[in-house]
Amino acid sequence: MFTTMLSAVDPAVLTGIITGIIAILVGGAIGFFVGSYINKKNTEKKIGDANQYANKLISDAKSEAKNLRKEAILEAKDEIQKEKAELDKEIKDRRSEVQRSEQRIQQKEESLEKKEAVLDKKIETLEQQKLEIEAKNKVIDQKMQDVSLAHDKMLAEIEKVSQMTKEEAKAQLVIAIEDEAKKEAVKIVRDIEAEAKENAEKKAKEIISLAVQRCAVDQASEITASVVALPNDDMKGRIIGREGRNIRALENATGVDLIIDDTPEAVVLSSFDPVRREIARLSLERLISDGRIHASRIEETVEKVKREVETTIKEAGESAMFDAGVFGLHADLVKLIGRLKYRTSYGQNVLNHSLEVSYIAGIMASELGVDVALAKRAGLLHDIGKAVDHEVDGTHVTIGADLAKKYKESKEVIHCIAAHHNDIEPTTVEAIIVQCADAISGSRPGARRESIENYVKRLEKLEEIANSHKGVEKSFAIQAGREIRIMVKPEEVDDATTLFLAKEVAKQIESEMEYPGQIKVNVVREMRSVEYAK
């Protein structure tokens with residue numbers, strides 16, 4: 001049918017149609033190739049632009065990296081210069097410190113050389129004194145021989161002239177010789193003691209006065225009872241609470257007795273444990289300030305204050321250890337030292353007392369040339385038993401020695417603690433130094449206080465000891481018990497006997513009494529002759 005249609009079309013028309021179709025096909029092919037070529041060119045242009053942009057980014061990145069590198073190098077150079085300057089400064093400071101250390105060492109060497117020279121001179125003086133004493137002993141022996149010869153001669157004369165029996169003459173001669181020998185012996189003893197004590201007392205006074213001067217501190221007597229001030233008396237009812245609930249809760253939480261009496265605007269806290277008493281005081285003050293006083297609030301406040309007080313105790317112990325220059329203590333010992341902040345003895349704060357003993361002991365040990373570190377460590381720990389002596393049976397000396405053993409302190413420190421009240425005999429110089437430092441700290445005016453009853457008993461005991469000796473007319477305890485003045489009967493006690501009487505009274509006081517510091521025994525013999533002209 002198609003063929004028939006073609007045969008029916010005019011050939012010229014058919015040729016035109018075929019030509020048109022071929023032209024369309026050729027035009028389409030040409031358009032396709034032209035479009036492809038144009039697209040290729042556009043693509044190549046885009047690729048070229050992209051490459052150019054990428055190259056620009058790379059160039060900018062390289063430039064920026066170069067700048068950053070330069071900045072980093074500059075910063076590094078600045079840092080190096082800064083560190084170098086700091087290092088130079090540190091080196092300079094260390095050189096200065098080394099120079100100062102060398103100067104101090106040189107000064108100490110010069111001081112030691114001077115002390116060595118003084119010591120050599122004192123040794124020579126002591127040797128000379130020894131020779132003089134030996135010479136005096138020879139003189140005494142010679143005098144005793146002379147006395148013996150005189151005794152034989154006197155005995156012969158008495159038997160010949162007085163017609164006395166041998167026993168009577170012997171008794172009379174013995175009395176006369178005893179009196180003469182006693183007087184001579186007293187003179188010699190007095191001279192020897194004066195010579196021996198002159199240098200020793202001078203040196204001892206110098207060391208003690210230096211120690212006291214260098215560590216003297218203000219000391220105020222601290223009370224042992226805690227009183228909490230109230231804003232008004234109505235607060236007492238709020239503290240007690242309904243049916244006493246609040247006061248019972250506070251007492252149970254702190255272990256402290258609250259005494260609420262007629263005292264206006266005040267509450268008294270009573271407890272044998274100073275730490276508990278401090279916790280109760282701080283808790284009550286905070287509750288009063290807050291105004292919310294009920295059982296749960298009380299327990300919460302007490303627990304918070306307990307934690308704060310424990311922190312305070314630890315900080316106080318560390319501060320005391322740092323101030324005394326004592327290091328390497330067990331952590332539990334540091335806490336026990338801090339607990340001494342809330343402990344008093346005769347009104348003297350035990351922590352301040354322990355620090356003062358450590359200072360004095362260190363200075364005395366330095367002056368005497370013994371172990372300074374041991375003396376300071378033992379001085380700081382000598383009363384450590386007082387931190388727990390209300391919780392453990394035994395004296396604070398025994399408890400302190402046991403605590404030192406428990407926490408691995410050295411044998412020397414334990415011995416100093418155990419001997420500082422003569423519970424055992426001190427066998428080291430450091431133990432004696434701690435004893436002396438303890439006595440000095442406790443005997444300073446204002447350091448401690450004692451009750452009127454104990455004070456009166458001590459004065460009465462002093463006078464009782466003095467009056468018990470033969471020839472004493474009356475005695476007076478003066479200077480707050482630091483001196484006993486004894487008046488003797490001149491017809492019964494001569495000048496030579498007063499020396500022996502003073503020694504006997506002093507020995508009896510040392511053996512029978514306990515007292516801080518020292519007591520001066522002053523024996524006075526006064527002879528008066530009265531006559532009236534008429």
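This write-up is about the structure you can find in this document. The structure displayed is predicted, hence computed values, not measured ones. (Residues numbered from 1 in each chain as written. Predicted model: local features only at pLDDT ≥ 70, side-chain atom pairs only at ≥ 80, totals over all residues. Heavy atoms only, no water.)

A look at the sheet that holds strand S8 (residues 520-525)
Strand order in this open sheet of three strands is S6-S7-S8, and the pairing throughout is mixed. Single-partner strands in this sheet number two, and they are strand S6 (472-478) and S8. Neighbour-to-neighbour, the strand axes of this sheet turn through a mean angle of 20°, independent of strand direction. Running at roughly 150° to S8, helix H15 (residues 495-512) makes contact with S6, strand S7 (483-488) and S8 of the sheet. (Pairing = 2+ DSSP bridges. Helix = DSSP H or I, 4+ residues; strand = E, 2+ residues; numbered from the N terminus. Axes fitted to C-alpha atoms, helices over the stretch in contact; angles between N-to-C directions. Contact = heavy atoms within 4.5 Å.)

Looking at the packing of helix H9 (residues 350-368) against helix H10 (residues 372-381)
For the pair H9 and H10, interaxial distance at closest approach is 7 Å and the crossing angle is 160°. One element, H9, and the other, H10, form an angle in the roughly antiparallel class. As H9 packs across H10, the resulting crossing turns out to be right-handed. Across from Ser354, Leu355, Val357, Ser358, Ala361, Gly362, Ala365 and Ser366 in H9, the residues of H10 making contact are Val372, Ala375, Lys376, Gly379 and Leu380. Taken together, the residues of the contact of H9 with H10 sort by class into seven nonpolar, five polar and one charged. (Parallel < 35°, antiparallel > 145°, perpendicular 65-115°, else oblique. Left-handed = near helix turned anticlockwise from the far one by under 90°. Nonpolar A, V, L, I, M, F, W, Y, C, P; charged D, E, K, R; others polar.)

Considering the environment of Val268
Tracing the chain through its elements places Val268 in strand S3 (residues 266-270). Along the sequence, Val268 and Asp257 sit 11 residues apart, while their C-alpha atoms lie 8.3 Å from each other.

Looking at unusual backbone geometry
A positive phi is found at Lys408, a non-glycine position, where the angle reads about 65°. Structurally, Lys408 can be placed in the loop between helix H11 (396-406) and helix H12 (411-419). Positive phi outside glycine occurs at Asn422, with the angle close to 60°. The topology assignment puts Asn422 in the loop between H12 and helix H13 (429-443).

Details of H9
Taking 1.5 Å per residue as the helical rise, H9 with its 19 residues ought to reach 27 Å, and the 26 Å between its terminal C-alpha atoms agrees with that figure. For H9, the N-terminal cap is Asn349; the gap from its side-chain oxygen to the backbone nitrogen of Leu351 is 3.0 Å. At the C-terminal side of H9, Gly369 shows a positive phi close to 75°. (Expected span 1.5 Å × (residues − 1). Polar contact = N/O pair within 3.5 Å; in protein donor to acceptor, adjacent residues only side chain to side chain.)

A look at the packing of helix H7 (residues 295-324) against helix H8 (residues 331-339)
Interaxial distance between H7 and H8 falls to 7 Å at its minimum, and their mutual angle equals 100°. In terms of axis orientation, H7 runs roughly perpendicular to H8. The residues of H8 that touch H7, namely those facing Ile313, Lys314, Ala316, Gly317, Glu318, Ala320 and Met321, are Val334, Lys335, Ile337, Gly338 and Arg339. Partitioning the contact of H7 with H8 into residue classes produces six nonpolar, two polar and four charged.

Some details on the sheet that holds S3
Taking strand neighbours across the sheet as the criterion, the three strands line up as S1-S3-S2 in an open arrangement whose pairing is antiparallel. Two strands in the sheet have a free side with no partner beyond their single neighbour: strand S1 (226-229) and strand S2 (257-259). For this sheet, the mean inter-axis angle between neighbouring strands, taken without regard to orientation, is 30°. Note that S2 and S3 share three bridges and pair antiparallel. Bridge pairing in S3 links Ile259 to Val268. Contacts from helix H6 (residues 274-290) reach S1, S2 and S3 within the one sheet, and its direction differs from that of S1 by about 5°.

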